[in-house]
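Report on the structure
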Amino acid sequence: MQEKDIQAYDLIAVQPVTEKLFHMACSTIDVDIITFNIVEKLDYYIKKNPVGKALERGVYFEITYSPGLHQSSRKTMISNALKLTQVLRGKNVIISSAARIAMDLRGPYDVANLYPLTVC
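All figures in this text were calculated on a predicted structure; none of them were measured in a lab.

**Topic: the environment of Ile 38**
Summarising the element assignment, Ile 38 is placed in the loop between strand 2 (33-35) and helix 3 (48-56). Sequence separation of Ile 38 and Tyr 60 is 22 residues, and the distance between their C-alpha atoms is 15 Å. Excluding residues that lie within four positions of it along the chain, Ile 38 makes contacts with Ile 63, Thr 64, Thr 76, Met 77, Asn 80 and Ala 81.

Right, here's the structure in full:
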């Protein structure tokens, strides 16, 4: 994408798949949101230093809940969400559904009840 194409959007989100891309997203790439495939085991550790740089820059981190509603992926989702919120200390967190079907959507109180379980 060209820079003029990117400027047409209000928010830019990235989903880094390697540690190097994660560090770049936290420190140098002009992004607003960093998201993860929360139901897959991360191939890298989320460390405080790059996350601190991202927080200073005003970057938000997204946790999606609907992929973790299915029994097979719930444990990994909770583990990844815990790791992320431990480093973030509850700051700059966005919780969204990422639902592909209406059955995976939850009400605001249900979503709010999910969040305290991941904050340490």
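**Re helix 2 (residues 19-27)**
Buried within helix 2 are the following residues: Phe 22, Ala 25 and Cys 26. The buried residues of helix 2 occupy one face: seen down the axis, they fall within an arc of 95 degrees. Residues of helix 2 that are buried sit in contact with strand 1 (13-14), strand 2, helix 3 and strand 3 (60-64).

**Looking at the sheet that holds strand 3**
Here 4 strands make up an open sheet; going across it, the order is 1-2-3-4 and the pairing parallel. A strand with exactly one partner marks an edge of an open sheet, and here the two such strands are strand 1 and strand 4 (93-96). Running at roughly 160 degrees to strand 2, helix 2 makes contact with strand 1, strand 2 and strand 3 of the sheet.

**What to know about the packing of aromatic side chains**
Under the counting rule described, the total for this entry stands at 3 aromatic pairs. Taking the centre distance of 5.9 Å and the plane angle of 45 degrees together, the rings of Phe 22 and Phe 36 count as tilted. Highlighted residues: Phe 22 in helix 2 and Phe 36 in the loop between strand 2 and helix 3, separated in sequence by 14 residues. Classification of Phe 22 as buried rests on a relative accessible area of 0%. Both rings, one in Phe 36 and one in Phe 61, keep their centres 6.5 Å apart while their planes meet at 10 degrees; by these two values the pair is stacked. Here Phe 36, found in the loop between strand 2 and helix 3, pairs with Phe 61, found in strand 3; they are 25 residues apart in sequence, far enough to count as distant. Note on accessibility: Phe 36 and Phe 61 belong to one class, buried. By the ring-pair criterion, three or more aromatic residues cluster together here, those being Phe 22, Phe 36, Tyr 44 and Phe 61.

Rules behind the numbers
- Residues numbered from 1 in each chain as written.
- Predicted model: local features only at pLDDT ≥ 70, side-chain atom pairs only at ≥ 80, totals over all residues.
- Heavy atoms only, no water.
- Helix = DSSP H or I, 4+ residues; strand = E, 2+ residues; numbered from the N terminus.
- Contact = heavy atoms within 4.5 Å.
- Buried < 20%, exposed > 50% of the residue type's maximum accessible area, 1.4 Å probe, protein only.
- Arc of directions from axis to C-beta.
- Pairing = 2+ DSSP bridges.
- Axes fitted to C-alpha atoms, helices over the stretch in contact; angles between N-to-C directions.
- Phe/Tyr/Trp six-rings, centres within 6.5 Å; stacked < 30°, edge-to-face > 60°.

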